[in-house]
Amino acid sequence: MYAYDEIDRTLVNERVSEFRDQVQRRLSGELTEDEFKMLRLQNGVYLQLHAYMFRVAIPYGTLASNQLRALAHVARKYDRGYGHFTTRQNVQFNWIKLSDLPDALADLAEVGIHAMQTSGNNMRNVTSDQWAGVAPGEIEDPRIWSELIRQHTTLHPEFSFLPRKFKIAITASDHDRAAIKVHDIGLRLVRNEKGETGFEVLVGGGLGRTPFIGKTIKHFVHGRDLLSYIEAILRVYNQYGRRDNIYKARIKILVHELGIEKFSREVEEEWQHIRYSSLQIDDEVIEDIRSRFIYPAYEKLPHMPDELRQAAADPEFEAWRKNSVAAHKNPGYSIVTISLKPIGGPPGDATAEQMDALADLADKYSFGEIRVGHEQNLALPHVAKRDLPALWKALDKLGLATPNVNLITDIIACPGLDYCSLANARSIPIAQELTRRFANHELANLIGRLHINISGCINACGHHHVGHIGILGVEKNGEEVYQITIGGRADENAALGNLIGPGVKFDEVADVIEDIVEAYLALRERPEELFVDTVKRLGVEPFKERVYATR
Amino acid sequence: MPLVNGGKIADDSFAKLAVDTPLPEGGDILVPAERFLGEADGLLKRAGKVGVIWPNNRDIAELVPYLGKIAAVALVFPSFRDGRAYSQARLLRERYNYRGELRATGQVLRDQFVFMLRAGFDSFEVKKQADAEAFMQTAKRYSVFYQPTGDGRITALHRRMQLRHSEGVGT
């Protein structure tokens, strides 16, 4: 956990009072809706189909139990009793009243949570691996650097009015759980031959209507130069990024149009001007940030405690443990993923009661800490193995023990036409139907790891391009039509999926997905060959044949 | 449109010239970039101060040879959301050491004052009277700054280092 100090708290409170003034000016008519729009968007407030939507940041996916309780409180007091966790370590409330927003923000500020730059054309919430600090084999905790960037990007005086939104993600593990290759800047923490910390810097990744996988712009930027290098990228982008067309305004288009070589030369030239400036970070600064991350005092506990041995007799517990429990850097502990994908439910939603109860469980079993991942699930990052059976029972009672993490029913979906004013098609009902089709856990297990991503419009909030199966809802002649891609992935081998053929109607989507899965089961060389690997080996064709042969 | 200069509402001594406005005998003038670059020698010889209105899509480095001779640079915010002039302002102040008046023009609302001050602006053509009147109050809204810029405000990181060291000495 990162503990805010007085300085951080002051800034958040100052931002709340500024926003209160802005809302007041809107309510009094001093600001037009058009003028207010730019201001509310700097603070996570969208006008959606039914009401204002309020998006709150969970920087690098780390939450303390009291913070989760504050989110539950906001859900209960100002919304309709639930919140929605997004693909970028944010939480959204869908039914909030404008006049309540300043108070909701003030309540969140008390526990060090804010909504700064969760929307608008600025530097968005910095995201990271939800297993940061606990994953075995990690080079070092990327959240130290995430926090450094969080501070540096917050209310930045030069880069708060960029051509378009700007997203940064960081990972420090070989397996990329932060999807860094589909971010405007992706940072992979590495060590050089002297053992010094630095970053491989990727730039120009992104989804939306023109998806690109990020390209490496520099193989090693020393940790002390991280801020100046990021600043150089942003300065080039701020000046040369396109502003004539919103769909061509992301940095990926600039990188694409200039070419990575020319773009990196521009950045390099700018960087040389500012590299040896007050942006340089000395070790003491990093140590100071590190000192405000609180790490649990782990006990020395057995790798295979009696409690776990006994519980292994219960097949339901075992199914959950095998699916949702991952190795921790400390052998007596585990990382537990909490699926927010119940069969038939909307992906990523949690009720206020669930949030409160989970906060209590975090206090009891996970040193008061909760994580949020881009797959729209939560995690308890420090659970002693002996506590797993008791935790499972408690989660099961809350409806939070669905053993489907990384399986076909662990669907990532945007809110779609049910909430979003940009959407062309529904996403949530498609996800719900698919979870019903594959509700049988044995079947889901047999299929193995398979990520389905659903977006209700071309803006791709559900990251459909990088789903093993991607579903994109569009509107055609007044009807919802879904385009289906296969073979995408968001990890260290990130790739964009390929279209299998013409779009299909709402009612047919689930059947088509079943066909694709059946084809895969018949085509895979062995049970360990994942869906996405079979697609890589065979291409789209056999799946296409299967789907369209009878349609 | 009220002008805020030196932290308060002030008279604007500059007359804005279009590309083809006849040159007045005396008085302070703000001249569009194109015209300034074309007639720089003549403009700089006359009595009265000269300032330049610089568009946000033109390389500010072109202005560098003249920075010691002009009294004002007016940068342009064609809309609230177009932030290119923030970069130009910082380059002028921090890279090219420009010390004259740096004016924000265009869509200037109170909600940008802090950003603009931090980027190096010291003069503001504010769209609304109420915003101009609220300038001082708004400018003081923040006391914490995370980024180092040329405005010299102490950053949060730096403040923490000072606190650490003073605690170290005290104990």
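The rules behind each value
- Residues numbered from 1 in each chain as written.
- Chains lettered and ligands numbered in written order.
- Predicted model: local features only at pLDDT ≥ 70, side-chain atom pairs only at ≥ 80, totals over all residues.
- Buried ≥ 20, exposed ≤ 12 C-beta atoms within 10 Å, placed from the backbone.
- Helix = DSSP H or I, 4+ residues; strand = E, 2+ residues; numbered from the N terminus.
- Pairing = 2+ DSSP bridges.
- Right-handed = clockwise from strand over helix to strand, strands pointing away.
- Contact = placed C-beta atoms within 7 Å.
- Nonpolar A, V, L, I, M, F, W, Y, C, P; charged D, E, K, R; others polar.
- Domains from an automatic or database assignment.

### So, the pairing of strand β5 (residues 50-54) of chain B
All names here are of chain B. β5 sits mainly inside the fold: five of its five residues count as buried. A two-sided burial pattern is seen for β5, the buried positions comprising V50, V52 and W54 on one face and G51 and I53 on the other. Two elements, strand β4 (residues 28-32) and β5, share four bridges in a ladder whose sense is parallel. What sits directly across from P32, in β5, is I53. Handedness of the β4-helix α1 (residues 33-45)-β5 crossover: right-handed. Taken together, the four bridges between β5 and strand β6 (residues 72-77) define a ladder with parallel strand orientation.

### Re the environment of L417(A)
Residues and elements named next belong to chain A. Tracing the chain through its elements places L417 in the loop between β16 (412-413) and α14 (428-437). For the pair L417 and S17, spaced 400 residues apart in sequence, the C-alpha separation works out to 33 Å. Sequence-distant contacts of L417, defined by excluding residues within four places in its chain, comprise A423, A425, R426 and G456.

### Some details on the sheet that holds strand β6 (residues 127-128) of chain A
Residue and element names in this part refer to chain A. Taken in spatial order, the five strands of this open sheet run β6-β7-β8-β9-β10, and their pairing is mixed. The open sheet is flanked by β6 and β10 (215-222), the only strands paired with a single partner. Judged from the two bridges that link them, β6 and strand β7 (residues 168-171) form a sheet pairing that is parallel. Residue pairing across strands places T127 opposite A169, the latter belonging to β7.

### Describing the interface of chain A and chain B
Each side of the interface is counted separately: chain A has 29 residues, and chain B has 28 residues. The dominant element in the side of chain A that touches chain B, judged by the number of residues it contributes, is helix α1 (residues 6-27) of chain A, at six residues. Taken together, the residues of the side of chain A that touches chain B break down into nine nonpolar, twelve polar and eight charged.

### Brief notes about the domain arrangement of chain B
Residues and elements named next belong to chain B. What the domain assignment reports for chain B is domain 1 (3-140) and domain 2 (143-171). The straight-line distance from the C-alpha centre of domain 1 to that of domain 2 is 31 Å. The interface of domain 1 with domain 2 comprises seven residues on the first partner and five residues on the second. Breaking the side of domain 1 that touches domain 2 down by element, the ones donating at least two residues are α2 (84-95) and α3 (113-119).

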